[in-house]
Amino acid sequence: MIQALRGEPGDMVRALAFHMLVDLVGDGGVVVLSGAGLSTESGIPDYRGETGRRRRAEPMTYQTFVGSAAARQRYWARSHLGWRHIAHAAWNAGHRAVAQLQSMGLVGGIITQNVDGLHQAAGAEQVVELHGSLHRVVCLSCGERTSREWLDQRLRAANPGWGGAADVINPDGDAVLADDQVGSFEIVDCASCGGLLKPDVIFFGENVPRPRVARCYELTEHAGLLLVLGSSLTVMSGYRFVRRAAEHGIPVVIVNQGPTRGDDDAHLALDAPLGPTLTALLAELGS
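These numbers were taken from a predicted model, which means no experiment stands behind them.

Parameters and conventions
- Residues numbered from 1 in each chain as written.
- Predicted model: local features only at pLDDT ≥ 70, side-chain atom pairs only at ≥ 80, totals over all residues.
- Heavy atoms only, no water.
- Phe/Tyr/Trp six-rings, centres within 6.5 Å; stacked < 30°, edge-to-face > 60°.
- Buried < 20%, exposed > 50% of the residue type's maximum accessible area, 1.4 Å probe, protein only.
- Helix = DSSP H or I, 4+ residues; strand = E, 2+ residues; numbered from the N terminus.
- Expected span 1.5 Å × (residues − 1).
- Arc of directions from axis to C-beta.
- 1 Å grid on protein atoms, 1.4 Å probe; cavity = no way out; pocket = protein on both sides within 12 Å on 5 of 7 lines; lining within 4 Å.
- Points joined across faces, edges and corners; volume = space filled by probe spheres on them.
- Nonpolar A, V, L, I, M, F, W, Y, C, P; charged D, E, K, R; others polar.
- Right-handed = clockwise from strand over helix to strand, strands pointing away.
- Pairing = 2+ DSSP bridges.

Q: I tried to follow the packing of aromatic side chains on my own but got confused; where do I start?
A: Geometrically, a pair of aromatic rings is defined through the distance of the ring centres and the angle of the planes. Applying the stated rule across the entire model yields 6 aromatic pairs. Judged by centre distance (5.2 Å) and plane angle (80°), the rings of Y75 and W76 are edge-to-face. You can call Y75 buried: its relative accessible area is 6%. Their ring planes at 55° and their centres at 5.5 Å tell us that Y75 and F203 sit as a pair that is tilted. Of the two residues, Y75 sits in helix 3 (residues 69–87) while F203 sits in the loop between strand 7 (197–201) and helix 8 (210–221), which places them 128 residues apart along the sequence.

As structure tokens, this is what we get:
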């Protein structure tokens with residue numbers, strides 16, 4: 001039976017929905033699918049929520065990145081500045097609650113669409129990073145992966161006195177910069193082979209590696225519950241796992257602020273802030 005609770009339900013209905021959430025998660029076997037909405041309370045904006053609507057730049061596509069030196073210069077200048085914001089972001093109550101539910105044995109798998117590493121920072125283990133991580137850099141020629149911290153050091157050394165500044169940071173760590181700030185920025189190549197460096201994340205227009213997708217399908221198909229946290233499920237990359245769960249008769253619960261593409265597939269769709277809701281859930285299950 002589909003029970004989607006959106007809009008402005010009364011206190012009694014909201015309380016009933018919360019207790020349904022407690023009962024379903026309390027049965028265990030939960031696989032979490034998290035999105036950008038889980039990290040907004042850490043100061044990282046999302047793509048399609050309230051902070052996403054203030055976005056002033058389109059995300060970089062893979063085809064543009066590999067095909068244009070000017071595009072790579074623009075990307076790395078903006079990302080170099082935005083990385084400082086991502087690197088200093090701290091996990092929030094929602095991330096911590098997920099990690100603690102995992103330590104209690106109730107969460108058996110975590111799939112995240114986020115690239116910020118905050119699940120792991122909060123103590124979660126064996127997180128499948130569906131779209132990769134901004135904390136790593138990959139060479140498109142030799143495939144070597146290195147830390148973003150090292151790249152940051154190299155970019156600082158190549159740009160002494162660079163005065164980039166921005167007041168808008170996008171969810172993928174992309175800062176909005178003026179053209180003159182971008183034009184003076186020097187990028188660096190792979191220290192091992194001289195190849196092009198790219199953040200180890202999936203750009204728009206790029207496919208998630210098949211083994212990673214297969215692992216996510218495996219987790220989903222063996223779940224007792226798919227719990228979607230902070231995702232609008234607008235893109236198929238995440239929504240496909242909701243569809244797979246529904247096809248296998250696995251209940252889906254969505255906690256998100258605002259409607260999602262998966263509401264019609266859900267047993268319960270709860271419109272609520274993530275941090276307070278997950279903290280309250282943890283308190284109920286830990287009591």
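Q: I'm lost on helix 1 (residues 11–26) in this one. Help?
A: Over its 16 residues, helix 1 runs 22 Å from end to end, which matches the ideal 22 Å to within 8%, given 1.5 Å per residue. All buried positions along helix 1 are accounted for by A17, F18, L21, V22 and V25. Along helix 1, the residues classed as buried sweep out an arc of 145° about the axis, all on the same side. Along helix 1, the residues that are exposed and aim more than 90 degrees away from the buried face are M12, L16 and D23. Directly after helix 1, the chain includes G28, whose backbone phi takes a positive value near 80°.

Q: Any chance you could explain empty space enclosed by the protein here in plain terms?
A: Evaluation of the coordinates by the stated rule reveals 2 cavities of 30 Å³ or more. Volume-wise, the largest cavity comes out at about 60 Å³. Lining the largest cavity we find E144, T146, W150, L151, R154, C190, A191 and L197. Here the element with the most residues in the lining of the largest cavity is helix 6 (residues 148–158); it accounts for 3 residues. Reported here for the second largest cavity is a volume of approximately 30 Å³. At 3 residues, helix 5 (residues 118–121) tops the list of elements feeding residues into the lining of the second largest cavity. Tallied by class, residues from the lining of the second largest cavity come to 1 nonpolar, 5 polar and 2 charged.

Q: Explanation requested: the pairing of strand 9 (residues 252–256) in the structure shown.
A: On a regular strand, one side chain projects to one face of the sheet and the next to the other, so that they alternate. Counting buried residues in strand 9 gives 5 out of 5 residues, a clear majority hidden from the surface. In strand 9, alternate side chains face the same way, and those of V252, I254 and N256 on one face and V253 and V255 on the other are all buried. Handedness of the crossover joining strand 8 (residues 225–229) and strand 9 through helix 9 (residues 236–247): right-handed. Across 4 bridges, strand 9 lies against strand 10 (residues 268–271) in parallel orientation. In the strand pairing of strand 10, V253 is matched with L268.

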